[in-house]
Amino acid sequence: MALTIKEVEHVAMLARMNLSEDEKQRFTEQLSSILNYAGVLNTLDTDGVEPLTHILPAFNVFRTDTARNSMPREEILKNAPLAEEGQYKVPKIM
Amino acid sequence: MIIYETVIGLEVHAELKTQSKIFCSCSTAFGAEPNTQTCPVCAGFPGTLPLLNEKVVELAIKTGLALHCEIPPISKFDRKNYFYPDSPKAYQISQFDMPVCKKGYLDIDVNGSKQRIGITRAHIEEDAGKLVHQGDITTTPFSLVDLNRCGIPLLEIVSEPDMRSSAEARAYMEKLRSVLLFAGVSDCKMEEGSLRCDANISVRPAGQKEFGTRIEIKNLNSFRALERAVEYEVKRQIEALEDGEELVQETRTWDEDKQITRSMRSKEEAHDYRYFPEPDLPPISISRERIEEIKARMPEMPEQAQMRLVRDYGLPEYDAAILTLSPETLVFFDDCLSRYPDAKVISNWMMGELSRLLNQSNQDISNCKIKPDDLVQMLRLIEDGTISGKMGKAVFEEMFADGKSPAIIIKEKGLVQISDEGSLLPVIEGIIQANPKVVEDYKNGKDKAVGFFVGQIMKSTRGQANPAMVNKLLKEKLDSL
Amino acid sequence: MEIYELSVHELQERLTRREISAEEIVRSFLGRINKVEDKVKSFITITEESALQRAREADRKGQYLGIAGIPLGLKDIFCTRGVKTTCGSKMLADFIPEYDSTAWRKLDEQQGILTGKLNMDEFAMGSSTENSAFFVTHNPWDLNRVPGGSSGGSAAAVAAGEVAFALGTDTGGSIRQPASFCGVVGMKPTYGRVSRWGVIAFASSLDQVGIFSQDVRDSALIMNIIAGHDPLDSTSAAIEVPDYASYLDGSVKGMRIAYPKEYFGVGVDDAVKAAINKALHKYEELGAIVEEVSLPHSEYALPTYYLVAPAEASANMARFDGVRYGHRDFEALNVVDMFSQSRAQGFGDEVKRRIMLGTYALTSGYYDAYYLKALKVRRLIANDFDKVFLDYDVIISPTTPSTAFKLGEQIGDPLTLYMNDILTVPVNMAGLPGISIPCGLHNGLPIGMQIIGKAFDEGTMLKAAHAFEQNTAYHTLKPELGVK
């Protein structure tokens with residue numbers, strides 16, 4: 001399974017991560033070799049095998065619907081790189 | 001000329017009525033100062049984990065039952081991955097392939113014809129935060145992020161593409177709202193965003209089997225917006241096709257100011273939500289017993305109420321449909337009916353005067369000053385002849401404006417009906433004598449003449465004359481001439 | 001013997017008998033840190049002031065709770081209120097959480113003393129701690145070698161006597177492998193046994209909190225404190241926690257021990273095989289029944305792991321977007337660039353690689369072929385263990401195919417480095433408890449033996465480990481470090 005640079009660029013876009021040309025090149029090769037290695041899984045017949053998503057046989061873990069005090073706003077904003085008027089500030093969307 | 005058919009499917013997000021958020025204990029109250037209802041969980045801080053609010057699941061099942069859905073025995077959560085500043089984890093906890101409700105329906109009534117609209121599924125998910133733009137979204141250099149709304153529990157209800165007109169879409173939305181209100185699962189306040197709607201719209205030449213290119217319209221925050229947007233979009237799509245353009249599948253937004261839809265995202269930006277099972281939340285298992293238990297506690301749904309009104313009280317279907325649009329309206333009606341036996345009279349007043357005054361003043365029946373007891377008192381005063389129906393309307397307006405009881409209004413205004421012959425006869429005779437020409441008309445068989453006399457008599461008694469009595473005495477008098 | 005050389009239970013005894021004070025204990029360990037930290041480099045943050053203050057408080061109160069006065073270190077993946085928590089990443093270089101991880105809170109409630117936050121591979125991705133964004137940690141047995149990873153700082157700190165014990169996390173071997181490399185006890189409990197609340201997630205369905213200690217008894221004692229259901233973690237099990245110390249009776253008579261033939265195959269050093277075989281003989285001598293078994297899907301565990309873990313990680317890493325905390329690129333003029341630049345600058349090479357791999361495995365065209373396939377194989381791997389555990393009490397294998405490798409030796413080819421996890425990963429796949437204990441030295445470097453238990457039966461696993469320890473002296477070996 002060989003990836004193309006184009007695929008790597010697409011995945012980087014989905015992951016919102018700018019990659020340098022060198023990184024693109026390197027990841028293309030490395031991911032190809034890892035996926036190639038993972039190809040061994042295809043030699044296994046898994047028809048009818050239930051995928052394992054949760055290792056614990058637990059169901060219905062709930063909390064009751066009670067509202068409690070939230071975190072003080074200064075604390076929730078304390079680690080923010082940029083905040084204004086009690087809100088997180090981000091550059092324009094468009 | 002090609003005739004086109006419109007195909008509409010709706011995705012409705014209803015905020016579920018809980019005290020606390022879906023995965024943390026922050027309050028869901030509307031309108032708080034920005035970021036005062038947040039915590040490390042809903043703000044997506046590292047190391048935090050979601051804890052599912054039990055009430056959310058219960059309300060989702062309730063909704064499913066109200067929409068005649070299947071409730072599968074196992075359902076689970078998935079992560080839906082996308083980056084946006086109002087989505088703190090950059091994934092939304094939602095349900096992908098195992099939603100809590102599947103395969104239901106909703107019956108709607110459009111211009112007297114009944115239709116069944118399929119419900120594909122309903123799934124639980126968390127709401128995102130809010131972006132506040134400094135100025136216009138397209139020109140502002142910065143936006144502010146308020147996470148209060150993050151983690152408010154939502155139920156996304158997805159319909160089949162079963163609607164064929166804007167009227168049907170609106171009827172579906174209205175009916176869905178009333179079902180959610182009756183089930184008590186959501187406040188459905190569209191103006192506060194607790195009920196939101198996206199529409200998938202396509203057109204195709206009539207008779208064609210395949211669907212046309214689907215366009216998703218977001219931001220439809222009122223029934224009117226939904227109706228207008230569908231109409232605009234259908235027109236736009238048909239025009240594009242007629243001009244030989246190819247439509248591309250895209251997401252558009254409804255611009256309320258300009259009353260148009262606008263393309264929202266650039267085409268090259270691919271969407272791939274990369275759903276996968278949420279490892280932080282064990283699956284939900286819902287037993288038959290649990291479903292039965294919830295079923296047993298289900299309140300009356302609008303359809304059942306409509307049937308009751310038609311069957312037990314003989315109301316026309318139309319009346320029954322209107323009276324069951326919201327639980328508050330139905331409660332008002334039922335309350336009146338427990339004190340006054342004539343359902344149709346109550347219905348007429350509610351659908352007529354009350355509804356007119358509510359609309360005029362933009363009020364809701366739940367906060368209106370007239371209480372069922374007041375309406376019933378007034379109906380009794382009309383019935384026993386103390387006031388006429390026409391006087392009743394005036395009294396009703398006063399009641400609506402300041403909440404006084406009808407008896408007090410009548411007393412204050414001296415609005416008692418004149419029903420004794422001794423008082424009415426001199427007035428009637430005087431008016432007949434003053435209008436010999438009209439008497440002549442009456443003799444010549446002109447029916448209008450009676451109306452004229454009655455009007456004059458009512459005028460000179462300031463509307464207080466008993467109309468039945470006036471009619472009777474007037475006729476006797478005229479015929480004896 | 002210096003105070004810092006004592007185990008947790010020895011320190012407890014001396015403190016209870018009032019032979020030493022909490023402050024003396026803490027000062028001894030801080031002194032040791034002063035002496036060796038330049039060589040080992042296990043700490044990202046040292047909390048000297050607050051550690052001494054807390055020790056004095058405990059002494060003043062005069063009543064010592066569970067682990068009063070005992071200096072401990074936390075892998076820098078545990079959120080600590082008011083104390084910088086970096087996860088070994090530039091992304092979180094300045095992050096100070098306002099909340100405590102449950103495991104740390106429980107230790108704190110028992111008057112355990114935090115002396116600092118320990119180095120790790122960035123976001124727990126790595127097997128050598130060379131992926132730390134800050135600096136490299138050195139193996140106390142040979143400073144030119146890696147301590148293992150990702151909890152390398154925790155393993156090195158315990159081995160060097162800088163802390164009495166430490167917590168780490170284990171997603172694919174991140175406790176057991178460094179414990180093996182550094183010659184200490186490293187225990188990963190059953191998935192769900194210890195709360196993950198406040199532990200920065202790498203792969204949520206695999207991550208588990210665990211312990212580094214000098215001996216098995218210490219691990220049992222700390223387990224008694226940190227194990228148990230936490231209402232803040234929906235995946236923490238509501239299963240009763242036994243007194244783990246009560247299992248430590250030194251006897252393995254009649255215990256049924258399995259060793260999987262697949263774990264002694266190609267790629268495992270002869271010296272390592274020899275040490276484990278010797279240990280298995282020891283168990284036989286002690287009256288255990290030792291038999292070979294097969295875990296037929298073992299060879300598929302590593303590729304499965306390298307699809308499942310990165311997929312989950314790609315989502316867990318997504319919240320680091322520069323909006324609410326963490327590194328932010330201030331040059332970007334729009335939000336997409338801000339995300340993409342902040343993440344490009346804040347994440348290191350291995351984290352990026354795994355985000356890329358995981359994102360790819362989840363994309364619509366490849367989900368079934370990679371991610372879903374891996375989940376199915378994961379089921380087969382778990383089934384293998386279930387079958388063996390029908391007939392056996394514990395499974396024993398080497399922890400790692402080799403002893404600690406040289407710094408820089410395995411940088412460059414990720415796949416070679418991933419092979420380090422080949423014997424530990426299956427345990428995470430099946431959610432089972434595993435412990436690595438020292439069982440020999442080769443060329444002056446420690447060898448680790450892995451003991452795998454049944455789900456939620458850490459007790460039997462600890463019992464087996466403890467019995468071996470009681471009858472050997474490997475755990476008493478300490479690195480020289482060129483200082484006394």
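Conventions we followed
- Residues numbered from 1 in each chain as written.
- Chains lettered and ligands numbered in written order.
- Predicted model: local features only at pLDDT ≥ 70, side-chain atom pairs only at ≥ 80, totals over all residues.
- Heavy atoms only, no water.
- Helix = DSSP H or I, 4+ residues; strand = E, 2+ residues; numbered from the N terminus.
- Rg over C-alpha atoms; globule rule 2.2 N^0.38 Å.
- Contact = heavy atoms within 4.5 Å.
- Areas by Shrake-Rupley, 256 points an atom, 1.4 Å probe, with all protein chains shown as cover.
- Lys, Arg positive; Asp, Glu negative; His and termini not counted.
- Charge placed at Lys NZ, Arg CZ, Asp CG, Glu CD.
- Buried < 20%, exposed > 50% of the residue type's maximum accessible area, 1.4 Å probe, protein only.
- Buried area = accessible area lost by both parts, 1.4 Å probe.
- Phe/Tyr/Trp six-rings, centres within 6.5 Å; stacked < 30°, edge-to-face > 60°.

Q: How do you make sense of the overall build of chain C when you look at a structure like this?
A: Scanning chain C from terminus to terminus reveals 15 helices and eleven strands. Its C-alpha atoms give chain C a radius of gyration of 21 Å, within 12% of the compact-globule value 23 Å for 484 residues. By sequence separation, contacts in chain C at least 24 residues apart represent 76% of the contacts at least 6 residues apart. Element-wise, carbon and sulfur atoms account for 48% of the exposed surface of chain C, whose accessible area totals about 14500 Å². For chain C, the distance from the average site of its 48 positive side-chain charges to the average site of its 60 negative ones is 1 Å.

Q: Whenever I open this one, unusual backbone geometry confuses me. Can you help?
A: In terms of backbone geometry, most residues other than glycine have negative phi values and most peptide bonds are trans. The omega torsion of the bond from C:G149 to C:S150 falls at 5 degrees, within 30 degrees of zero and hence cis. Secondary-structure assignment places C:S150 in the loop between β3 (113-118) and α5 (152-159). Even without glycine at this site, B:N35 takes up a positive phi of about 60 degrees. Assignment of secondary structure puts B:N35 in the loop between β1 (4-15) and β2 (52-53). You can call B:N35 buried: its relative accessible area is 0%. With a phi angle near 60 degrees, C:F456 is a residue other than glycine that sits in the positive phi range. The exposure class of C:F456 is buried, given its relative accessible area of 19%.

Q: Any chance you could explain the interface of chain C and chain A here in plain terms?
A: By a frequent convention, interface size equals the accessible area lost on bringing the separate parts together. On the chain A side, the residues contacting the 68 residues of chain C number 50 residues. Here chain C and chain A share an interface that buries about 5300 Å² over both sides, 69% of which is from carbon and sulfur atoms. A per-residue breakdown of the area chain C buries against chain A is headed by C:E98, C:M356 and C:Y360, which together make up 13% of the total. For the side of chain C that touches chain A, the secondary structure elements donating two or more residues are α9 (298-316), α10 (335-346), α11 (349-362), α12 (367-389) and α13 (414-418) of chain C. Examining the composition of the side of chain C that touches chain A, we find that twelve residues originate from one element, α12(C), more than from any other.

Q: Before we go on, may I ask you to explain the packing of aromatic side chains in this structure?
A: Evaluated as defined, the whole model comprises 28 aromatic pairs over all chains. Where B:W349 meets B:F396, the ring centres are 5.2 Å apart and the plane angle is 55 degrees; that geometry is what we call tilted. Note that B:W349 is positioned in helix α8 (residues 343-361) and B:F396 in helix α10 (residues 389-402), a separation of 47 residues in sequence. For the pair shown, B:W349 and B:F396 are each scored as buried. Ring geometry for C:Y259 versus C:F264: centroids 5.7 Å apart, planes at 80 degrees, classification edge-to-face. Taking the relative accessible area as the measure of exposure, C:Y259 reaches 22% and is therefore partly exposed.

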